[in-house]
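# Structure assessment
This is what each chain is made of:
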Amino acid sequence: MSADLASFAVRSVPFDEWVDIDTLIHRSSVTSGDFDYVLRPLCPDCGVEAEIEYETLEPEADGGREVISALVCVPCSLLWEPDQPDD
C-alpha cells in the first residue's frame, strides 16, 4: 500500500467476492468493432468511480500476472482489500 493510502479506512471483502470483482473488472475489457470498454467500480457510499490498485504476481514469469490488490475511493478516504482465503 502506498504511503498516501496509509490513512484511509480499510474495508475487507470476502475472498470469494474479491475473485468475482477481479474477474468482472480486470478481465472484462471488451473490444467490438465500434466500442472498447472496461467495467469500472463505483463507491457505494458516494457514487464516485473508485480507483484500482494492481499487484503483479509471479513477476519473474514472462512479465507476471496483474491482479487487483485494492479499490480506492479518494473522496471518502476508503480502501477495499480482499480477506485472505482460509487455508
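Remember, it's a predicted structure, so these values are computed and weren't measured experimentally.

## Quick notes on the overall build of the protein
Scanning the protein from terminus to terminus reveals 1 helix and 6 strands. In sequence order, the secondary structure elements of the protein are arranged as β-α-β-β-β-β-β. When each of the 87 residues of the protein is scored for burial, the buried share is 23%. In the protein, 49% of the contacts between residues at least 6 apart in sequence involve partners at least 24 apart. Within the structure as shown, the protein displays about 6,100 Å² of accessible surface, and the carbon and sulfur contribution to it stands at 50%.

## Notes on the layout of surface pockets
The computed volume of the largest pocket comes to approximately 200 Å³. For the largest pocket, the full set of lining residues is Phe15, Trp18, Val19, Asp22, Glu55, Leu57, Val67, Ile68, Ser69, Pro82, Asp83 and Gln84. Residue assignment for the lining of the largest pocket shows that the elements contributing at least two residues are α1 (15-26), β4 (51-57) and β5 (65-73). Here the lining of the largest pocket gets 4 residues from one element, more than from any other, and that element is α1. When its residues are assigned to classes, the lining of the largest pocket shows 7 nonpolar, 2 polar and 3 charged.

## Overview of the environment of Cys43
Secondary-structure assignment places Cys43 in the loop between β3 (35-37) and β4. Sequence-wise, Cys43 and Leu71 are 28 residues apart; in three dimensions their C-alpha atoms are separated by 8.9 Å. The residues touching Cys43, leaving out its near neighbours within four places in the chain, are Val48, Cys73, Cys76 and Trp80.

## Quick notes on the nonpolar core
In this structure, Val13, Trp18, Ile25, Cys43, Ile52, Ile68, Leu71, Cys73, Leu78 and Trp80 together form the largest nonpolar core, which totals 10 residues. Going through the elements one at a time, α1, β5 and β6 (78-82) are the ones with two or more residues in this core. For this core, the leading source of residues is β5, giving 3 residues. Each residue touching Cys73, except ones within four places of it in the same chain, is listed here: Phe8, Cys43, Cys46, Leu78 and Trp80.

## Structural notes on the pairing of β6
Taken together, the 5 bridges between strand β1 (residues 9-13) and β6 define a ladder with parallel strand orientation. Residue Val10 lies in a different strand from β6, and its bridge partner there is Leu79. Where β5 folds back onto β6 in an antiparallel hairpin, the turn is made up of 4 residues, including Ser77, whose phi is positive at roughly 55 degrees.

## What about the sheet that holds β1?
As summarised here, the arrangement of the 4 strands in space is β1-β6-β5-β4, forming an open sheet in which the pairing is mixed. Every other strand in the sheet has two partners, leaving β1 and β4 as the edge strands with one partner each. With strand direction ignored, the average angle separating the axes of adjacent strands in the sheet is 30 degrees.

Rules behind the numbers
- Per-chain numbering applies: the sequence of each chain, read as written, is numbered from 1 onward.
- Note on the predicted model: pLDDT of at least 70 is required for a residue's local features to be given, and 80 or more for side-chain atom pairs to be given and counted; whole-chain, interface and lining totals, by contrast, use all residues.
- Hydrogens and waters are ignored; side-chain quantities use all the structure's heavy atoms.
- Comment: elements are numbered from the N terminus, with helices defined as DSSP H or I runs of at least four residues and strands as E runs of at least two.
- Only protein chains enter the accessibility calculation, which uses a 1.4 Å probe; a residue is then buried when its area is under 20% of its type maximum, exposed when over 50%, and partly exposed in between.
- Note on contacts: a residue pair qualifies if any of its non-hydrogen atoms lie within 4.5 Å across the two residues.
- Method for areas: the Shrake-Rupley scheme with a 1.4 Å probe, in which residue coverage is limited to the protein chains shown.
- Cavities and pockets were defined on a 1 Å grid built from protein atoms only: a cavity is a group of points that admits a 1.4 Å probe but offers it no way out, a pocket is an open group of points flanked by protein on both sides within 12 Å along at least five of seven lines, and a lining residue is one with an atom within 4 Å of any such point.
- Grid points are joined across faces, edges and corners, and a volume is the space filled by probe spheres set on the points.
- Only Asp, Glu, Lys and Arg are considered charged, only Ala, Val, Leu, Ile, Met, Phe, Trp, Tyr, Cys and Pro nonpolar, and every remaining residue, Gly among them, polar.
- Among buried residues, those of type Ala, Val, Leu, Ile, Met, Phe, Trp, Tyr and Cys that are joined through side-chain atoms within 4.5 Å constitute a nonpolar core.
- A pair of strands counts as paired when DSSP detects no fewer than two bridges linking them.
- Here the axes come from fitting lines to C-alpha atoms, over the contacting stretch only for helices, and the angles between their N-to-C directions go from 0 to 180 degrees.

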